[in-house]
Amino acid sequence: IVALWSGLAVNCVAPYLQVSGQQAVGPARAQILYASQPLWAAVMSFFLLGEACGIEGFSGGALFLVAMFLAATAENPDPNCPAKECEV
C-alpha cells in the first residue's frame, strides 16, 4: 500500500495538481505560494504534532503572511510601458 501511495498520490496526482494550479495563477503568484511551504509546515506541526513555537516564530510567520499578501495583491507591470524599467 505504501508503494501504491507513493506511486499514485506523490508522483502522479500531486505534480498534476501543481502544474494545473500554476497554469491557473501564473508563475509569479505560484512562486509566492511555493515559498510559503516552510510556514505551512510549521503551522501544521504546531497543530498536529504539538510543536512549540516562540514569539519569534509567531512574529516571523505573521510578517511572512503580510509580505505574501502584499506581493499577491501588487499591481502587474504595464506590458506596453515605453520606459526602460516599468516596475510598480
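Starting afresh in each chain, residues are numbered from 1 along the sequence in its written order. Per-residue local features are limited, in this predicted model, to residues with pLDDT of at least 70; the limit for side-chain atom pairs, both in listing and counting, is 80 or more; totals at the level of whole chains, interfaces and linings are taken over all residues. Side-chain measures were taken over the full set of non-hydrogen atoms in the model, leaving aside hydrogen atoms and water.

Chemist: Any chance you could explain the overall build of the protein chain here in plain terms?
Modeler: In DSSP terms, a helix is any run of H or I states spanning at least four residues, a strand is any run of E spanning at least two, and both are numbered starting from the N terminus. Of regular secondary structure, the protein chain possesses 4 helices and 0 strands. Helices (α) and strands (β) of the protein chain occur, in sequence order from the N terminus, as α-α-α-α. We compute the radius of gyration from the C-alpha atoms alone; for a globule the expected value is 2.2 Å times N to the 0.38, where N is the number of residues. Taking 88 residues into account, the globule formula puts the C-alpha radius of gyration at 12 Å, and the protein chain, at 18 Å, lies well above it. Its C-alpha atoms give the protein chain principal-axis dimensions of about 55 × 40 × 15 Å. Evaluated residue by residue, the protein chain yields a buried proportion of 10% over its 88 residues. Of the roughly 7,400 Å² that the protein chain leaves accessible, carbon and sulfur atoms contribute 68%. When a residue's accessible area, from a 1.4 Å probe over protein chains only, is under 20% of the maximum for its type it is buried; when over 50% it is exposed; and in between it is partly exposed. Values of accessible area rely on a 1.4 Å probe in the Shrake-Rupley scheme; residue burial ignores everything except the protein chains shown.

Chemist: Honestly, the packing of helix 3 (residues 37-49) against helix 4 (residues 55-72) in this entry has me stumped. Any pointers?
Modeler: Each pair of packed helices can be summarised by the angle the axes make with each other and by the distance between the axes. Angles run from 0 to 180 degrees between N-to-C directions of axes, and those axes are lines fitted to C-alpha atoms, restricted for helices to the stretch in contact. Contact geometry of helix 3 with helix 4 gives a least axis separation of 11 Å together with a crossing angle of 135°. Our classification of the angle between helix 3 and helix 4 gives oblique. Considering the relative orientation of helix 3 and helix 4, their crossing is left-handed. Between helix 3 and helix 4, the residues in contact are Leu39, Trp40 and Phe46 and Phe58, Gly61, Phe64, Leu65 and Met68, respectively. Residue polarity is assigned by list, with Asp, Glu, Lys and Arg as charged and Ala, Val, Leu, Ile, Met, Phe, Trp, Tyr, Cys and Pro as nonpolar; anything else, Gly included, falls into the polar class. Class assignment for the residues of the contact of helix 3 with helix 4 results in 7 nonpolar, 1 polar and no charged. Between 65 and 115 degrees an angle is taken as roughly perpendicular, under 35 as roughly parallel, over 145 as roughly antiparallel, and anywhere else as oblique. Crossing handedness is read from the near helix: turned anticlockwise from the far helix by less than a right angle, it gives a left-handed crossing, and turned clockwise, a right-handed one. Note on definitions: a residue-residue contact is assigned when non-hydrogen atoms from the two residues lie within 4.5 Å.

Chemist: What exactly am I supposed to notice about helix 3 here?
Modeler: Note that an α-helix has 3.6 residues per turn; residues three or four places apart therefore point the same way. The first and last C-alpha atoms of helix 3 sit 17 Å apart over 13 residues, in line with the 18 Å expected at 1.5 Å per residue. Directly after helix 3, the chain includes Gly50, whose backbone phi takes a positive value near 75°. For a helix, the expected span equals 1.5 Å multiplied by the number of residues minus one.

Chemist: Just checking my understanding: could you explain the side chain of Ser45 for this structure?
Modeler: Tracing the backbone through its elements, the reader meets Ser45 in helix 3. Not counting chain neighbours up to four residues away, the residues in contact with Ser45 comprise Gly50 and Glu51.

Chemist: Any chance you could explain the packing of aromatic side chains here in plain terms?
Modeler: One pair of aromatic rings is described through two measures. These are the centre distance and the angle between the planes. Ring geometry is summarised as follows: Phe, Tyr and Trp rings, the Trp one being its six-membered ring, pair when their centres sit within 6.5 Å, and such pairs are stacked at plane angles under 30 degrees, edge-to-face over 60 and tilted between the two. Applying the stated criterion across every chain, the model contains 2 aromatic pairs. Considering the side-chain rings of Phe46 and Phe47, the 5.1 Å spacing of their centres and the 80° angle between planes classify their relative orientation as edge-to-face. The exposure class assigned to Phe46 is partly exposed, which follows from its relative accessible area of 31%. Here Phe46 and Phe58 contribute two aromatic rings whose centre-to-centre distance is 5.5 Å and whose plane-to-plane angle is 85°, an arrangement assigned as edge-to-face. Here the residue Phe46 occupies a position in helix 3, and Phe58 occupies one in helix 4, the gap between them amounting to 12 residues. Classification of Phe58 by relative accessible area gives partly exposed; the value is 44%. Members of the aromatic cluster, connected to one another through ring pairs, are Phe46, Phe47 and Phe58.

These figures capture arrangement, not role.
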